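Remarks on the overall topology
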Amino acid sequence: MIRSLVFTNQGRLHSRDIEVFLMPTVLNDTNLFLWVDLEDPTPEETKRVLEDVFHFHPLSIEDCVMVSESPKIEEYQPREGDLFPPYLFMVIHAVDYSRKDGVFATTELNFFLGRNFLVTYHEGPARSVQLTEERAVRGTGGIARAPDRVAYNLLDSIVDNYKPALDELAMEIAELEQQALQRPTRETLNKILQVKKEVLHLRQIIGPQREVLARLARGEFKLIRAHLVPYFRDVYDALFRISELAQGYADSLTGTLQVYLNMSSNQTAEVVKVLTLITVLTTPVMIVGTWYGMNFESIAEFQWRHGYLWAFGLTVVSTGLMVWWMKRRRWL
């Protein structure tokens, strides 16, 4: 699906969903700015927009269509024979955390940013694109006055969406800590390991994304106007804080895992202690029973009239002495 929005330099909506053949005309008008959003486009739609209209570099088109494992940013400058204007190509990942599934779902968002155009490409709905589009159409904050301003708002929305995901993750970790302390089970261990794996996945996403935003925050690219660089720096700072928070969650899960292992060891120790006490307390019974259970006629006690009472009494007294000794040692 191809959506397009045309804005004036003042950030007012000029037209929307124009025909593809009209896009080159809009691009040639210096008073207009074109935003094209490709959501689940067909190969034909991708070719018509990325190749036929904008003539982007084949490598950036390939990176856009193929799934990228990590965020990236590249600047393309035209050389002799190239039809495309200077532009930035960015790959950014938005995240969402589901407590039901216990996984971070990532949505890849691709940017082609030029002086008077912005092309976004993604598979499936993107919350950041929807929110930014609504604000741009309403004219809120004049965000549609230039492509770099819209790109900033998209990145800011993506980073803001990390916060609800991290709040869900924090609640999950708190529950795991309670389970590890109160009723550690094999299921608790599996859940701790799963969440720890997802936090590692989150850090692997945030790390390269920080590098992308750091380059934007340093003002490395001429297509990002100087007065907008502090805004990109603010987005970078927010993502840095999220990265530190993710590191804290990883440390917390490591501590929770250690608590689980300690509690499991304590439970095992309690079981061993009970079994050991049972073994020790039944030792007199086993000794007396084993001794008088031998079938030798030469055992003198066999001829005693009160031999049974003697054996029973010996067992009771021995067991009582064993209990007294263990209590004195504070083993009971």
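Looking at empty space enclosed by the protein
- All chains considered together, the criterion is met by 1 cavity of 30 Å³ or more.
- Taken as a whole, the largest cavity spans an internal volume of roughly 40 Å³.
- Along the walls of the largest cavity sit Arg3, Ser4, Leu5, Trp35, Val36, Asp37 and Glu133, which together make up its complete lining.

Points about the side chain of Glu39
- For Glu39, the location among the structural elements is in strand S3 (residues 32-39).
- Glu39 sits in the buried class, given a relative accessible area of 13%.
- What Glu39 contacts, discounting residues up to four positions off in sequence, is Met1, Arg3, His122, Gly124 and Pro125.

A few points about a nonpolar patch on the surface
- Among the surface-exposed residues, Val317, Leu321, Trp324, Trp325 and Trp331 lie close enough to one another that they form a single nonpolar patch of about 550 Å² accessible area.
- Structurally, Trp331 is set in the segment after helix H10 (307-328).

A closer look at helix H2 (residues 43-53)
- Among all positions in H2, only Thr46, Val49, Leu50 and Val53 are buried. End-on view of H2: buried residues confined to an arc of 125°, all on one side of the axis. Exposed positions of H2 whose direction lies more than 90 degrees from the buried face are Pro43 and Glu44.
- Positive backbone phi, at 55°, marks His55, one or two positions downstream of H2.

Observations regarding the packing of helix H5 (residues 147-160) against helix H6 (residues 162-182)
- Following both chains from N to C, one finds H5 and H6 inclined at 5°, their axes separated by 4 Å at the closest point. Our classification of the angle between H5 and H6 gives roughly parallel. Along the contact surface, H5 presents Ile158, Val159 and Asp160, while H6 presents Tyr162, Lys163 and Pro164.
- Here the contact of H5 with H6 is built from residues that sort into 4 nonpolar, no polar and 2 charged.

Rules behind the numbers
- Residues numbered from 1 in each chain as written.
- Predicted model: local features only at pLDDT ≥ 70, side-chain atom pairs only at ≥ 80, totals over all residues.
- Heavy atoms only, no water.
- 1 Å grid on protein atoms, 1.4 Å probe; cavity = no way out; pocket = protein on both sides within 12 Å on 5 of 7 lines; lining within 4 Å.
- Points joined across faces, edges and corners; volume = space filled by probe spheres on them.
- Helix = DSSP H or I, 4+ residues; strand = E, 2+ residues; numbered from the N terminus.
- Buried < 20%, exposed > 50% of the residue type's maximum accessible area, 1.4 Å probe, protein only.
- Contact = heavy atoms within 4.5 Å.
- Patch = residues over 30% accessible without salt bridge, like charges linked within 9 Å, V, L, I, M, F, W, Y side chains within 5 Å.
- Areas by Shrake-Rupley, 256 points an atom, 1.4 Å probe, with all protein chains shown as cover.
- Salt bridge = Lys/Arg side-chain N within 4 Å of Asp/Glu carboxyl O.
- Arc of directions from axis to C-beta.
- Axes fitted to C-alpha atoms, helices over the stretch in contact; angles between N-to-C directions.
- Parallel < 35°, antiparallel > 145°, perpendicular 65-115°, else oblique.
- Nonpolar A, V, L, I, M, F, W, Y, C, P; charged D, E, K, R; others polar.

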